[in-house]
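# Coordinate analysis (summary)
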Amino acid sequence: MAIDRAEVERIAELARLEIAPERMGRMATELSAVLEFVAALGRLDLARLAPSTFAPAGTPLRADELDDRRIPAAEALSAATEHDDGFFLVPPIVENVNP
Amino acid sequence: MSAPEAWRLSATALAARVRGGELAVDDAVEAGWRGPAGTWEAEVRAVVHADPAARAAARPREGPLAGVPVLVKDNICTTDYPTTCASRILAGYRPPYDATVVSRLRAAGAVVVGKGNMDEFAMGSSTEYSCYGPTRNPYDLDRVPGGSSGGPAAAVAYGLCPLALGSDTGGSVRQPAAFCGVLGLKPTYGRFSRYGLVAFGSSLDQVGIFARHTGDLAAAYAALAGPDPLDATTRPGEAPDVSGWRAGVTGLSFGWPANLWREGVDPEVVGGLEEAAARLERSGATRVTFDFLPGEYSVAAYYLVATAEASSNLARFDGVRYGFRHADSADLRALYTRTRSEGFGPEVQRRILLGTYALSAGYYDAYYLTAQRARTRIREEYRAAFARCDFLMMPAAPSLPFRLGEKIEDPLAMYLSDIFTIGANLAGIPGLSVPVGLSRAGLPLAVQMLGPEDGEPVLLRAAAVLEAGGEVARLEGEDTPEFAWPTKR
Amino acid sequence: MAYEAVIGLECHIQLATRTKMFCGCPAEFGAAPNSNVCPTCLGLPGALPRTNRAAVDAALRLGLAVGCELRPVSEFARKNYFYPDMPKNYQITQYDRPLCEGGALPVALEGGARRFGLIRIHVEEDTGKSFHPERHGDRPVSRVDFNRAGVPLLELVSRPDFRAPAECAAFLTALRRLVRWLGISDADMEKGHLRCDANVSLRPLGQEAFGTKTEIKNLNSIKGVEKGLHAEIARQRALLESGGRIEQSTLLYDADHDRLAVMRSKEYAHDYRYFPDPDLPLLVVEETWIEDARGALPELPWAREARFATQYGLPGYDAAVLTETRELADYYEDLARGLDGKLASNWVMTEVLRAVKEESLTLAAWSAKVPAGRLRGLLAKVAARELPGPLAKQVFAWMRDEDGTVDELLERHGVRAQGSVAELEPLVVAVIEAHPGPVAQYLAGKTATLGFLVGQVMKRSGGQAVPQVVRELLEAELARRSGS
Ligand SMILES: [Mg+2]
Ligand SMILES: [Zn+2]
């Protein structure tokens, strides 16, 4: 399965990455090589097999009780490049609204 | 032994002296820094964050690892050092909490002496994909230490500390351990908490241990293993008891899937493997020969599952709450795209793209789901093998340590250097890489042993036999054999 | 051409748990921004989720109440998309294997009760909140608060079984009553505890196939749901009638201006890349847990409503009002013990609810003030005709502010209530017979003469009678005479 530039662009968009035009061709080639390699899985007889999943023990469930892992707002914010008045700041969220 | 020589001691011996008051904690913790680091660190570059004040702040005198210095891979959260995954996107980031493995290390008396270099986000097999630059192999500075936990492996090898923590998603502890001539244990999936280990492939990631001596692995395993309420994927129930690591291998059988190394494996690696097998047989173990599913399938399944999980795990690095943020982003889309494109290195971007593709509409069944089915097939293969033997032997890596730059331009070749280690991650079983001597060129030779789930006690018994050249009695008490130290050339 | 609307609802119910879905932070509302956060709900590197049992239990209770099939083994999945109020840039939700599937919610409609089918109910985590547009210095920004990030939600998806906005409004009203009844959510739409999106399409009447649908978000009140849907149906109808095509899109309803805005059209359609969350093993719900949840279910509102109608002989309207909340239904049933059901209903629906409203009390606070048993003492006397209505209302008013039984209140206020009706009735008869002139005038329609007759009875009672009571007795007796 080869992957072309348009496909790389589509995935990059989903992943919020920007591949410079000059790197695009090479990225497509490298990804195609990996996909070609993983096509080997087609040689295994997998039809009767369920996808791997967790052991049947089940997820542990937590009692609905407060714990002490909270971090103070000042500390939570301190790692952010931009914050103000207790809030994290981001560029304006525009919802693609076409009135 | 005088304080300046304390860096040569095993972790357990060091801790015993600290507890007994024969060695000052300061001398124990600083031994490697005052000793070999002065000679080695500037060239090897195993450590990416160090802080004498942070080391001095901890003065534990009690516990099984009292005063033992431990280097921790830079993707394991520590409150006293940055945790950056060797990525620009986490530049300067300091977590507000300790990973569970770090809290448990500290509770056992160990002291975190710094953070170890790695491939960015643990994606790589050579520690060349680091924003801090590569780590070099102490046995040959032109060669890679393996990866992704190359920093911790190299530091243990040259004597900075007797123990280090790495993470192993596809062999990232066992392969660098093999390249650096130290022991590297990847436990059973869920035996060590992942809370505080920055996720790469969550269903494959395990914290692992580097050591120079089997007894140190056992001590560290005992301190770290066990359920953690903060990690829903830890195994319930008590961890297996590894205190019998000196019990020898009499009566044990090991699987010998020789079809796996019939081609494509360095003859010296095969030679080391043969010699190790012979040593185990002389010590009372029996060899069971059978064919095993070729490793290419594991590599293929792995590069879909691990990258799919990574594409989602790494989505949180967006410049909003922590880490690097592109300064000039007028809109949200630009903030995300520029931050991530400049913050992540090329290999990380490649894997995020691959994983995004494997999960995207129209490809999920063909890639992600097929890989998860193959994973079931691979698990069954291991289960069937362990019905016939107590543990499996195989190489840790197909080659000896390769040269810097040798594979960096060829992602697929780099991926194939994990061909023997990846299966254990897919199957969730423990694996242990053990040094078995040096090649003609003086490079470390190693073998890998794989066990069934919770098979760590058996793996440690076999490792002890190999460490002691078959004479397990030598390992009584502190009288461990001298480690094959690298000599700088 | 006549068109028919096809509507499906997707509701998010914020659960009233103490802690968040996957961490031990308070799920409460109103704390300082970014103060109820921890490594997990802030999406810090290395942090992992751990599931809140109470949230799963709430889902089980709702699922059982509406007759869903419960999956003993369900799965958490990641829904991947970038949004600044979502800390991990994925949401932990359920996808392929949700906890609850099927079931139906009974809804009272004008034409009678109907059951609206459900597709699924699952558990998931909420996002944080963003505030925009705002400014920081000279720049436009959005501000983000993660206190709400990770609060547990139930997502309930209906079948596309609605044909009119009023049905949707009734469904939401019934859903709100149910989740409050089960104690799993405060379901205050204003506060976002209950949020609703709708899928709407139109098709020519009689046509089987669905038309192209649009999704309306931001329907944040029951009235808003109805108005927003009307607006969208009108928009689609106008478009179709003018020969246009409906474009698959997401719209935002602006309730303030009764207007719809296109949020994103199909070209922005998301690819969520769902996959099982590797941090969370399968969610296993043992049979005993389900049985415990089933055993703990209260009598459900619609069942209780039906029972009130038959057991207490109440009109449907009364039964519906009295089962609006579980507290009210409990209060009513406690009050009605040994009484005429309709009498108790009348008192609750008029006097009690009015008092509660006037004093802005919760029913719990009201019950603490005027327990059902105390009010029952009053109504028993009314039923036994020991207290005339007006006096009973006077006593009720005293009850609201004072302690004491009915007798104590009467005594405290100097009213001889014991047998007062029995004592007054002969006086009333005597006065009527003694004053045939005014009586004839009254009966002829000159009702002002009633005051004179009241005065006469008061005189004969030595000033002991309550004028209101006397007035009522006189009216009753005069009405009886005029009718005979
Ligand atoms: Mg949802
Ligand atoms: Zn939290």
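Residues numbered from 1 in each chain as written. Chains lettered and ligands numbered in written order. Predicted model: local features only at pLDDT ≥ 70, side-chain atom pairs only at ≥ 80, totals over all residues. Heavy atoms only, no water.

## A few points about the overall build of chain A
Per the secondary structure count, chain A includes three helices and three strands. The secondary structure elements of chain A, listed N-terminal to C-terminal, are α-α-β-α-β-β. Oriented by its inertia axes, the alpha-carbon framework of chain A measures out at about 55 × 45 × 35 Å. Contacts spanning at least 24 positions in sequence make up 27% of the contacts within chain A whose residues lie at least 6 apart. (Helix = DSSP H or I, 4+ residues; strand = E, 2+ residues; numbered from the N terminus. Contact = heavy atoms within 4.5 Å.)

## Quick word on the overall build of chain B
Scanning chain B from N- to C-terminus turns up 16 helices and 11 strands. Overall, chain B is about 65 × 55 × 45 Å in size when its C-alpha atoms are taken along their principal axes. A burial count over chain B gives 72% of its 489 residues as buried. Counting only carbon and sulfur atoms, one obtains 50% of the accessible surface of chain B, whose full area is about 13,800 Å². Within chain B, one finds 48 positive and 55 negative side-chain charges whose respective centroids are separated by 2 Å. (Buried < 20%, exposed > 50% of the residue type's maximum accessible area, 1.4 Å probe, protein only. Areas by Shrake-Rupley, 256 points an atom, 1.4 Å probe, with all protein chains shown as cover. Lys, Arg positive; Asp, Glu negative; His and termini not counted. Charge placed at Lys NZ, Arg CZ, Asp CG, Glu CD.)

## Observations concerning the interface of chain C and chain A
Note: interface size is frequently given as the accessible area lost on complex formation between the parts. Taken together, the contact pairs 55 residues of chain C with 39 residues of chain A. Surface buried jointly by chain C and chain A totals about 4,100 Å² across both partners, of which 59% is contributed by carbon and sulfur atoms. Linking chain C with chain A are four salt bridges. Linking chain C with chain A are 21 residue pairs in polar contact (both at pLDDT 80 or more), by the criterion used here. Contributing elements (two or more residues each) for the side of chain C that touches chain A: strand 2 (51-52), helix 1 (53-65), strand 10 (129-136), strand 11 (139-145), strand 16 (259-265) and strand 18 (283-284) of chain C. Considering every element that reaches the side of chain C that touches chain A, the biggest residue donor is strand 11 of chain C, with seven residues. (Buried area = accessible area lost by both parts, 1.4 Å probe. Salt bridge = Lys/Arg side-chain N within 4 Å of Asp/Glu carboxyl O. Polar contact = N/O pair within 3.5 Å; in protein donor to acceptor, adjacent residues only side chain to side chain.)

## Side note on the coordination of the magnesium ion (ligand 1)
All names here are of chain C. Protein coordination at the magnesium ion (ligand 1) comes from E124 (OE), E124 (OE) and E155 (OE), with a distance range of 1.8 to 2.5 Å. One end of the pair, E124, is in strand 9 (residues 112-125); the other, E155, is in strand 12 (residues 152-158), and 31 residues separate them in sequence. As far as burial versus exposure is concerned, E124 and E155 are alike and both buried. (Donors = N, O, S within 2.8 Å, 3.2 Å for Na, K, Ca; no water.)

## Some words on the packing of aromatic side chains
This model, assessed by the stated rule, comprises 38 aromatic pairs over all chains. With centroids separated by 4.8 Å and ring planes inclined at 80 degrees, the aromatic side chains of Y302 of chain B and Y303 of chain B adopt a geometry described as edge-to-face. A centroid spacing of 5.2 Å and a plane angle of 55 degrees characterise the contact between F308 of chain C and Y332 of chain C, whose relative ring orientation is tilted. Here the residue F308 of chain C occupies a position in helix 5 (residues 301-311), and Y332 of chain C occupies one in helix 7 (residues 326-336), the gap between them amounting to 24 residues. We note that F308 of chain C, like Y332 of chain C, is buried. Ring pairing ties together the aromatic residues Y93, F121, F317, Y322 and F344 of chain B, which thus form one cluster. The ring of F324 of chain B has R88 of chain B lying over it, and the distance from NZ or CZ to the ring centre is 4.3 Å. For R53 of chain C, the ring lying beneath its charged end belongs to W289 of chain C, and the centroid distance is 3.8 Å. (Phe/Tyr/Trp six-rings, centres within 6.5 Å; stacked < 30°, edge-to-face > 60°. Lys NZ or Arg CZ within 6 Å of the ring centre and 35° of its normal.)

## What to know about the coordination of the zinc ion (ligand 2)
Six octahedral donors at a metal ideally form angles of 90 or 180 degrees, and four tetrahedral donors ideally form angles of 109.5 degrees. All names here are of chain C. The protein atoms donating to the zinc ion (ligand 2) are C23 (SG), C25 (SG), C38 (SG) and C41 (SG), with metal-donor distances spanning 2.3 to 2.4 Å. For the zinc ion (ligand 2), the four donor atoms in the first shell make angles of 100 to 116 degrees at the metal, a pattern classed as tetrahedral. Mapped onto the sequence, the donors of the zinc ion (ligand 2) take the spacing C-x1-C-x12-C-x2-C. Placement of the pair is C25 in the loop between strand 1 (3-14) and strand 2 and C41 in the loop between strand 1 and strand 2, with a sequence separation of 16 residues. Of the two residues, C25 and C41, neither departs from the other in class, the shared state being buried. (Tetrahedral: all angles 85-135°; square planar, octahedral: opposite > 155°, others 65-115°.)

## Observations concerning helix 5 (residues 100-107) of chain B
Residues and elements named next belong to chain B. Where helix 5 is concerned, the buried positions are T100, V101, V102 and L105. Looking at the buried residues of helix 5, the elements they touch are strand 2 (69-73), strand 3 (111-116), strand 4 (163-168), strand 6 (206-211) and helix 8 (214-224). Positioned one or two residues after helix 5, G109 has a phi angle of 100 degrees, which is positive.

## Focus: the interface of chain A and chain B
In this complex, chain A contributes 52 residues to the contact, which on the side of chain B involves 58 residues. Around 4,800 Å² of area is buried between chain A and chain B when both sides are counted, 67% of it from carbon and sulfur atoms. Where chain A packs against chain B, one counts five salt bridges. For R350 of chain B, the salt bridge identified is with E30 of chain A, shortest N-O distance 2.5 Å. One can count 17 residue pairs in polar contact (both at pLDDT 80 or more) joining chain A with chain B. Within the residue set of the side of chain A that touches chain B, elements represented by two or more residues are helix 1 (5-14), helix 2 (21-38), helix 3 (73-78) and strand 3 (87-90) of chain A. No other element matches helix 2 of chain A, which puts 10 residues into the side of chain A that touches chain B.

## Quick notes on the sheet that holds strand 10 (residues 431-438) of chain B
Residue and element names in this part refer to chain B. What the 11 strands build is an open sheet, ordered 1-3-2-4-6-5-10-11-9-7-8; its pairing is mixed. Strand pairing shows two members of the sheet lacking a second neighbour, strand 1 (47-49) and strand 8 (286-289), which therefore form its edges. Taking the axes of each pair of neighbouring strands and ignoring which way they run, one obtains an average angle of 30 degrees across the sheet. Note: strand 1 against strand 3, two bridges, orientation antiparallel. By the bridge assignment, V47 is partnered in strand 3 with G116. Its contacts with the sheet put helix 5 on strand 2, strand 3, strand 4 and strand 6, and the angle it makes with strand 2 is roughly 180 degrees. (Pairing = 2+ DSSP bridges. Axes fitted to C-alpha atoms, helices over the stretch in contact; angles between N-to-C directions.)

## Re the sheet that holds strand 17 (residues 275-276) of chain C
On the basis of which strands lie adjacent, the open sheet formed by three strands has the order 6-5-17 (chain C) and antiparallel pairing. Looking at the sheet topology across the chains shown, the edges are occupied by strand 6 (90-94) and strand 17 of chain C. Relative to strand 17 of chain C, strand 5 (residues 76-80) of chain C runs antiparallel, the two sharing two bridges. Within strand 17 of chain C, the position partnered with R78 of chain C by the bridge is F275 of chain C. Packed onto the sheet, helix 10 (residues 295-313) of chain B meets strand 5, strand 6 and strand 17 of chain C and runs at close to 65 degrees relative to strand 5 of chain C.

## Quick word on the domain arrangement of chain B
Residue and element names in this part refer to chain B. We note that the domain assignment places domain 1 (3-292 + 382-476) and domain 2 (298-374) within chain B. Computed from C-alpha atoms alone, the centre-to-centre distance between domain 1 and domain 2 is 27 Å. Domain 1 puts 27 residues into the contact, and the matching count from domain 2 is 25 residues. Summed over both partners, the interface of domain 1 with domain 2 comes to about 2,400 Å²; 68% of that surface belongs to carbon and sulfur atoms. In terms of surface lost to domain 2, no three residues of domain 1 exceed I89, M123 and Y415, which account for 29% of the buried area on that side. One salt bridge in this structure joins R88 and E342, with 3.8 Å as the shortest N-O distance. At the junction of domain 1 with domain 2, the criterion picks out 10 residue pairs in polar contact (both at pLDDT 80 or more). Sorting the residues of the side of domain 1 that touches domain 2 by element identifies helix 14 (411-416) and helix 15 (422-427) as the ones contributing at least two each. Classifying every residue of the side of domain 1 that touches domain 2 by side-chain character gives 16 nonpolar, eight polar and three charged. (Domains from an automatic or database assignment. Nonpolar A, V, L, I, M, F, W, Y, C, P; charged D, E, K, R; others polar.)

## Here's the deal with the pattern of salt bridges
According to the stated counting rule, one finds 71 salt bridges over all chains in the structure shown. With a shortest N-O distance of 2.9 Å, D80 of chain B and R106 of chain B are connected by a salt bridge. Of this pair, D80 of chain B sits in the loop between strand 2 and helix 5 while R106 of chain B sits in helix 5, placing them 26 residues apart in sequence. With relative accessibility at 18%, the residue D80 of chain B sits in the buried group. On the accessibility criterion, R106 of chain B (25% relative accessible area) is partly exposed. Between D126 of chain C and R148 of chain C there is a salt bridge; the shortest N-O distance is 3.3 Å.

## A short note on the pairing of strand 6 of chain C
All names here are of chain C. Among the five residues that make up strand 6, five are buried, leaving the element largely enclosed by the rest of the structure. A two-sided burial pattern is seen for strand 6, the buried positions comprising Y90, I92 and Q94 on one face and Q91 and T93 on the other. The pairing of strand 5 with strand 6 spans five bridges and is classified as antiparallel. Directly across from N80, in strand 6, lies its bridge partner Y90.

## A closer look at the packing of helix 2 (residues 165-181) of chain C against helix 5 of chain C
Residues and elements named next belong to chain C. Packing of helix 2 against helix 5 brings their axes to within 10 Å, and their N-to-C directions diverge by 100 degrees. Compared by their axis directions, helix 2 and helix 5 come out roughly perpendicular. Residues R177, L178 and W181 of helix 2 form the contact with helix 5, whose participating residues are P301, W302, R304 and E305. Within the contact of helix 2 with helix 5, the residues separate by chemical class into four nonpolar, no polar and three charged. (Parallel < 35°, antiparallel > 145°, perpendicular 65-115°, else oblique.)

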